[in-house]
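Okay, here's what each chain looks like letter by letter:
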Amino acid sequence: MSTFKVDTLQSTTGDAVTLTKQSAAKSWVNFNGTGTIAISESFNVASLTDNSVGRYSVNYINNMNTATYATQVCSDANTTNEAFNRTAGGAGTTTSKAYLMHFEANSSQDTSIMIGTIHGDLA
């Protein structure tokens, strides 16, 4: 068996290398969902859309192959009663974005930390 160790991986054309390994996340984002929303860190994310209070869209740079990919979401509770903190996410019917939502005490709420991770196949 061989071991391959590198600091930087780049294609022969100088473009970014496409991540195709089946189990690897194809997109992820950590952002502040209060006020003017802003990405803290991300991979394969072109932009965010603030759809309404506590409801966001994550727009991909490279689309997913189908709309049946997996979306995992977590967020920070705004209150000390974290039992009422709920997050949700999904693709809906699109391959170009995911929808992330944060709920507290049975209503949508903006939150300072939203994190979404996408697993599936790239287009």
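Check the entry above for the structure.
Quick caveat: nothing in here was measured; it's all calculated off a predicted structure.

Enquirer: What should I look at first to understand the packing of aromatic side chains in this one?
Expert: By the definition in use, this model includes 2 aromatic pairs. With a centroid separation of 5.1 Å and 80° between ring planes, the pair formed by phenylalanine 31 and tyrosine 56 is classed as edge-to-face. Here phenylalanine 31, found in strand β1 (residues 27–32), pairs with tyrosine 56, found in strand β4 (residues 55–60); they are 25 residues apart in sequence, far enough to count as distant. There is no split in this pair, since phenylalanine 31 and tyrosine 56 are both buried.

Enquirer: Teacher, can you tell me more about the sheet that holds strand β9 (residues 114–119) here?
Expert: Two orientations exist for strands paired in a sheet by backbone hydrogen bonds: parallel and antiparallel. Pairing is antiparallel in the open sheet, where 4 strands are placed in the order β2-β1-β9-β5. The open sheet terminates on both sides in strands that have one partner only, identified here as β2 (38–43) and β5 (70–75). Recorded for the sheet is a direction-independent mean angle of 15° between the axes of neighbouring strands.

Enquirer: When you look at the environment of aspartate 121 in this model, what are you seeing that I'm missing?
Expert: In this structure, aspartate 121 sits in the segment after β9. For aspartate 121, a relative accessible area of 40% puts it in the partly exposed group. Between the C-alpha atom of aspartate 121 and that of tyrosine 69, which follows or precedes it by 52 residues, the distance is 7.4 Å.

Rules of the game
- Residues numbered from 1 in each chain as written.
- Predicted model: local features only at pLDDT ≥ 70, side-chain atom pairs only at ≥ 80, totals over all residues.
- Heavy atoms only, no water.
- Phe/Tyr/Trp six-rings, centres within 6.5 Å; stacked < 30°, edge-to-face > 60°.
- Helix = DSSP H or I, 4+ residues; strand = E, 2+ residues; numbered from the N terminus.
- Buried < 20%, exposed > 50% of the residue type's maximum accessible area, 1.4 Å probe, protein only.
- Pairing = 2+ DSSP bridges.
- Axes fitted to C-alpha atoms, helices over the stretch in contact; angles between N-to-C directions.

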